[in-house]
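Listed here are the chains, written in short residue letters.
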Amino acid sequence: MLYYIFQYLENEFNLTGASVFQFITFRAASAFILSLLISMIFGKKIINFLRRQQVGETVRDLGLEGQAQKSGTPTMGGIIIILATLIPVLLLAKLENVYIIILLITTLWMGVIGFTDDYIKVFKKDKGGLKGKFKVLGQVGLGIIVGAMLYFHPDVTIKEQLPLAEQTIQENGKKKVFGVAHKSTKTTVPFLKDNELDYAKALSFLGDGYRKYGWVVFIFVVVFIVTGISNGANLTDGIDGLAAGTSAIMVIALAIFAWVSGNIIFADYLDVMYIPKSGEMTVFIFAFAGALIGFLWYNTYPAQVFMGDTGSLTIGGIIAVIAIAIRKELLLPILAGVFVIENLSVILQVSYFKYTKKKFGEGRRIFKMSPIHHHYQKSGFHESKIVTRFWIVGILLAVFAMVTLKLR
């Protein structure tokens, strides 16, 4: 909204300083500050409202230290993250940008699924919440919508670097490095010099016309990633500050990737895929990062509010969609390594338990408890120490993911 107002003032009245809103970096920084202030200032009001509505967490007895004291802590705090993200985006972003539209849909879609789950738990007194099949159906539905928009929307294109022999100096004196914008199912593969993978080639066995069916593979990949990462974020949200803190680290790294991918100069310098118009996502991502950090003001130990599935499912969905949109989804096992480890710990624990029960008649466990952060709690570590160390691991993974820009 403000972007369009100041654009009008600049065009019609040549207002001094109005042109600053044309710069993504200025709007991204403004979005970060605004979202941080919203989440910190209004977060307390929302927490008090949730407390008055008796929207308290019912904590299952898992035998963990300090668990009983958390019973009754307001949940559904993900509303704070969602509002603190959406308000700055609506004020400062280009709302006709397809990537912003996709992220807005993702936020609202996953927010509704998470809110429904929390509502059933709190007000219907059903600890199971929304049935798993409906939750997965919602995640798959979002994956199909996002995948279809990224594949079929005319504004979603990439520009590939031309061979050196075809790079020329244009009349304006600038060097033509990239070819024309075109639709593509290519993505970035870390650590490889010619680091691009075309999903459509998975159907090359169909013959010369295989590319027209490339959307099938692409949408399947999007569905898989959205479902996996959103569930990973959901599992990570188990102790105070863990999900919000590790997510903020991932999101800041994604902001750098998005800005580089949408800037033709840096895309050329770093030899990464140039994605026109994707730089606008930086505004959304910084608003999201500010919301997460502001939420941490109330969510660090001892937490005054829990994000609930309203927050965790939304966080995972947004991170997955951003990574897919900037063609960096194959970096998620590194960048979102904390989510992946949490997911794997549950899968391994359940699989091994079932296997040993079938083979020996008695189920055995790999970890004292899963997800893995509960294993460390059972091992006697205080949750503040666990969270801090997970944050450190998250920072190391984020830095390593960014290094892959040149590590080939």
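The present account deals with the structure reproduced in this document. Treat the numbers as computed from the prediction; the structure is a model and nothing was measured.

## Focus on the overall build of the protein
Here comes step 1: The number of helices and strands found in the protein is 14 helices and 4 strands.
Here comes step 2: Scaling as 2.2 N^0.38, a compact globule of 408 residues should have a C-alpha radius of gyration of about 22 Å, and the protein matches this with 22 Å.
Here comes step 3: By its C-alpha atoms, the protein is 70 × 60 × 35 Å across when sized along the principal axes.
Here comes step 4: Counting only residues that meet the buried cut, the protein has 50% of its 408 residues in that class.
Here comes step 5: Of the roughly 19,700 Å² that the protein leaves accessible, carbon and sulfur atoms contribute 65%.
Here comes step 6: Between the centroid of the 40 positive side chains of the protein and the centroid of its 27 negative side chains there is a distance of 7 Å.

## Description of the packing of helix α3 (residues 78-92) against helix α4 (residues 98-123)
Here comes step 1: α4 packs onto α3 with a crossing angle of 160° between their chain directions and a minimal axis gap of 11 Å. Judged on the interaxial angle alone, α4 and α3 are roughly antiparallel. Between α3 and α4 lies a crossing of left-handed hand. Side by side, α3 and α4 meet where I79, I82, L86, V89 and L90 of the first sit next to I100, L104, T107, L108, G111 and F115 of the second.
Here comes step 2: Residues belonging to the contact of α3 with α4 are distributed by class as follows: 9 nonpolar, 2 polar and no charged.

## Concerning empty space enclosed by the protein
Gaps left between atoms are located by rolling a probe of water-molecule size over the structure's atoms.
Here comes step 1: If you walk through the whole model with that rule in mind, you get 1 cavity of 30 Å³ or more.
Here comes step 2: The space that makes up the largest cavity amounts to roughly 60 Å³.
Here comes step 3: Lining of the largest cavity is provided by 12 residues; of these, T188, P190, N195, L331 and T404 occupy positions nearest its centre.
Here comes step 4: Broken down by class, the residue content of the lining of the largest cavity amounts to 7 nonpolar, 3 polar and 2 charged.

## A few points about unusual backbone geometry
Here comes step 1: In this structure, the amide linkage connecting Y301 to the following residue, P302, adopts the cis form with an omega of -10°.
Here comes step 2: Locating P302 in the fold gives a position in the loop between α9 (281-299) and α10 (308-325).
Here comes step 3: The amide bond that connects S370 to the next residue, P371, takes the cis arrangement and shows omega of 0°.
Here comes step 4: Along the chain, the position of P371 falls in the loop between α12 (337-360) and α13 (372-378).
Here comes step 5: The backbone phi angle of M76 is positive, close to 65°, even though this residue is not glycine.
Here comes step 6: Relative to the assigned elements, M76 resides in the loop between α2 (24-52) and α3.
Here comes step 7: Exposure remark for M76: the relative accessible area of 2% places this residue in the buried category.
Here comes step 8: Residue K277 is not a glycine yet carries a positive backbone phi of 75°.
Here comes step 9: As for its position among the elements, K277 is in the loop between α8 (264-270) and α9.

## Quick look at the packing of helix α7 (residues 242-261) against α10
Here comes step 1: Contact geometry of α7 with α10 gives a least axis separation of 11 Å together with a crossing angle of 20°. Here α7 lies roughly parallel to α10, going by the angle between them. Regarding α7 and α10, the two cross each other, and that crossing is left-handed. Together, S247, M250, V251 and L254 of α7 and I315, I319, I322 and A323 of α10 make up the contact between the two elements.
Here comes step 2: The class makeup of the residues in the contact of α7 with α10 is 7 nonpolar, 1 polar and no charged.

## Examining the pattern of salt bridges
Here comes step 1: In the structure shown here, the tally under the stated rule is 8 salt bridges.
Here comes step 2: Between K277 and D155 there is a salt bridge whose closest N-O contact spans 3.5 Å. Residue K277 is located in the loop between α8 and α9, and its partner D155 is located in the loop between α5 (132-152) and β1 (168-169); the two are separated by 122 residues in the primary sequence.
Here comes step 3: With relative accessibility at 27%, the residue D155 sits in the partly exposed group.
Here comes step 4: Within the structure, one salt-bridge network assembled from shared partners comprises D117, K121, K135 and D309.

How each quantity is defined
- Residues numbered from 1 in each chain as written.
- Predicted model: local features only at pLDDT ≥ 70, side-chain atom pairs only at ≥ 80, totals over all residues.
- Heavy atoms only, no water.
- Helix = DSSP H or I, 4+ residues; strand = E, 2+ residues; numbered from the N terminus.
- Rg over C-alpha atoms; globule rule 2.2 N^0.38 Å.
- Buried < 20%, exposed > 50% of the residue type's maximum accessible area, 1.4 Å probe, protein only.
- Areas by Shrake-Rupley, 256 points an atom, 1.4 Å probe, with all protein chains shown as cover.
- Lys, Arg positive; Asp, Glu negative; His and termini not counted.
- Charge placed at Lys NZ, Arg CZ, Asp CG, Glu CD.
- Axes fitted to C-alpha atoms, helices over the stretch in contact; angles between N-to-C directions.
- Parallel < 35°, antiparallel > 145°, perpendicular 65-115°, else oblique.
- Left-handed = near helix turned anticlockwise from the far one by under 90°.
- Contact = heavy atoms within 4.5 Å.
- Nonpolar A, V, L, I, M, F, W, Y, C, P; charged D, E, K, R; others polar.
- 1 Å grid on protein atoms, 1.4 Å probe; cavity = no way out; pocket = protein on both sides within 12 Å on 5 of 7 lines; lining within 4 Å.
- Points joined across faces, edges and corners; volume = space filled by probe spheres on them.
- Salt bridge = Lys/Arg side-chain N within 4 Å of Asp/Glu carboxyl O.

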